[in-house]
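Inside the fold
Take a look at the letters that make up each chain.
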Amino acid sequence: MKTLFCLRRMLWLLASLAWLPFSACEIDRVVDAGGQATERETFSFQVEAVNQSRLRVEGINGPIAIVGVPGATTVEIWGERRVTSQSREDAAAYLRHLEVRVSDSREEVLVKTIQPNDTHGRTLEVVYHLRLPAAWQVQVKNVNGNVRVDSLQQQARINLANGNVELSEIHGTATAALTNGTLVMRGMHGNVSGELINGNILVETTLVPNGVCELSAVNGIVSLQIPKATSAELEAKVSNGTITLSGLTLQVAASSPQTLRGRLGAGEGRIALATVNGNILVAGF
């Protein structure tokens, strides 16, 4: 039965996405101590990079990890689909309702999770791993699950409801909007924008000439690390919290317990930081 199920699944996918190589499926069954059963099936796609310049990922539940590879000529997509239910039979049968669709156009490659709006108590999850040319742009939209993007030479744009976002070594504009979780950006070399409702923001960036860094939170700490030689106008605002500046020489224009405005270096760029409930920390390195 296991071999027959895999074969049927592969034939269906090849019929709908004939231009995409699909790996042999592998099913794993797990039953936890509470009687919940999880069915897992792996997937794998490979798309030739022709004239496209953007990867777009639309997930629902599950982590997404993306890595840029210099000189790559393909987009590699692999991972695992998972359904958890009250019985192994039900979880196995419901796997067919959880799909991963990959399509391409002249401009982009789209990877999308497809599932019913009402899963009737079942838990559905897709775990994504992706590798793409480092020169491509990346757009990610996810509901629940961590998002990690590493080593890009162009723009990265992330929108996530619940989970953590980690961006590393992005040499282009990085934008992240997050509702609940932690936003971490390391090794940024471009304009940076981060919005968060509940959680902390930690950013280490090198501002490009005339660059912009805008970070805001409602409930949480905003922590920014920048080179001591940074040139920018700095503005920081808190409602309930403190503002701390260390390792930087700031020509102060205005200061109060809740606000700080001044100039770093020649003031060529712009840094705007804000939080309602929390502290703002700015440090030079």
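Residues numbered from 1 in each chain as written. Predicted model: local features only at pLDDT ≥ 70, side-chain atom pairs only at ≥ 80, totals over all residues. Heavy atoms only, no water.

Examining the overall build of the protein chain
Cut-off, in case you're wondering: A run of H or I in DSSP counts as a helix once it spans at least four residues, and a run of E counts as a strand once it spans at least two, with each numbered from the N terminus. Three exposure classes are used, based on accessible area relative to the maximum for each residue type with a 1.4 Å probe and protein chains only: buried under 20%, partly exposed in between, and exposed over 50%. Should any heavy atoms of two residues lie within 4.5 Å, those residues are considered in contact. Each accessible area is a Shrake-Rupley estimate made with a 1.4 Å probe; only the visible protein chains count as cover when residues are assessed.
Looking only at helices and strands, the protein chain features two helices and 24 strands. Within the span of the protein chain, comprising 285 residues, buried residues form 44% of the whole. Counting only contacts in the protein chain whose residues sit at least 6 apart along the sequence, the fraction spanning at least 24 positions is 52%. When the accessible surface of the protein chain is split by element, carbon and sulfur atoms take 49% of a total near 13,500 Å².

Examining the packing of aromatic side chains
For clarity, the cut-off: Centres within 6.5 Å are what make two rings of Phe, Tyr or Trp a pair, Trp counting through its six-membered ring; a difference in plane orientation under 30 degrees is then read as stacked, over 60 as edge-to-face, and the rest as tilted. Distance and angle both matter: a charge sits over a ring if NZ of Lys or CZ of Arg is within 6 Å of the ring centre and within 35 degrees of the ring normal.
With the rule as written, the count across this model stands at two aromatic pairs. For the ring pair Phe-43 and Phe-45, a centre distance of 6.2 Å and an interplane angle of 45° mean the geometry is tilted. Residue Phe-43 shares its accessibility class with Phe-45, and that shared class is buried. Considering the side-chain rings of Phe-43 and Tyr-128, the 5.8 Å spacing of their centres and the 70° angle between planes classify their relative orientation as edge-to-face. With Phe-43 in strand E2 (residues 37–48) and Tyr-128 in strand E8 (residues 123–133), this pair connects stretches of sequence that are 85 residues apart. The residues Phe-43 and Tyr-128 share a single accessibility class, namely buried. What links up through ring pairs into an aromatic cluster is the set Phe-43, Phe-45 and Tyr-128. Positioned above the aromatic ring of Tyr-94 is the side chain of Arg-122, whose terminal nitrogen or guanidinium carbon lies 4.0 Å from the ring centre.

Brief notes about the nonpolar core
We count it as follows: For our purposes a nonpolar core is just a set of buried Ala, Val, Leu, Ile, Met, Phe, Trp, Tyr and Cys residues, chained together by side-chain atoms within 4.5 Å.
Judged by nonpolar contacts, the single largest core of 64 residues is most densely connected at Leu-55, Ile-66, Ile-77, Val-111, Ile-271 and Leu-273. Here this core gets five residues from one element, more than from any other, and that element is E8. Contacts of Ile-66, omitting those with residues within four sequence positions, involve Leu-55, Val-57, Leu-130, Leu-132, Val-138, Val-140, Arg-148, Val-149 and Asp-150.

Some remarks on the pattern of salt bridges
Short version of the rule: The rule for a salt bridge is simple: a side-chain nitrogen of Lys or Arg has to be within 4 Å of a carboxyl oxygen of Asp or Glu.
Counting across every chain of the model gives 14 salt bridges. As a salt-bridge pair, Arg-81 and Glu-41 come within 3.0 Å of each other at their nearest N and O atoms. With a gap of 40 residues between them, Arg-81 in strand E5 (residues 74–85) and Glu-41 in strand E2 connect regions that are remote in the sequence. Between Arg-263 and Glu-233 there is a salt bridge; the shortest N-O distance is 2.9 Å. Of this pair, Arg-263 sits in strand E22 (residues 259–264) while Glu-233 sits in strand E19 (residues 232–240), placing them 30 residues apart in sequence. Residue classification places Arg-263 among the partly exposed residues on the basis of a relative accessible area of 36%.

Re a nonpolar patch on the surface
Note the cut-off: Only residues whose relative accessible area exceeds 30% and that form no salt bridge enter a patch; like-charged residues are grouped when within 9 Å of one another, and nonpolar side chains (Val, Leu, Ile, Met, Phe, Trp, Tyr) when within 5 Å.
Together, Ile-197, Val-218 and Val-276 give the surface a local cluster of nonpolar side chains, amounting to about 190 Å² of exposed area. Residue position: Val-276 is located in strand E23 (residues 269–277). Look at Val-276 and you get partly exposed, because its relative accessible area is 34%.

Topic: the environment of Asn-51
If you trace the backbone, Asn-51 turns up in the loop between E2 and strand E3 (54–58). Considering only alpha carbons, one finds Asn-51 and Glu-108, 57 residues apart in sequence, at a separation of 8.5 Å.

Remarks on the environment of Leu-178
Tracing the backbone through its elements, the reader meets Leu-178 in strand E13 (residues 174–180). The buried category is assigned to Leu-178, whose relative accessible area is 5%. Ignoring sequence-local partners within four residues, the contact set of Leu-178 consists of Leu-160, Ala-161, Gly-163, Val-165, Leu-183, Glu-195, Leu-196 and Ile-197.

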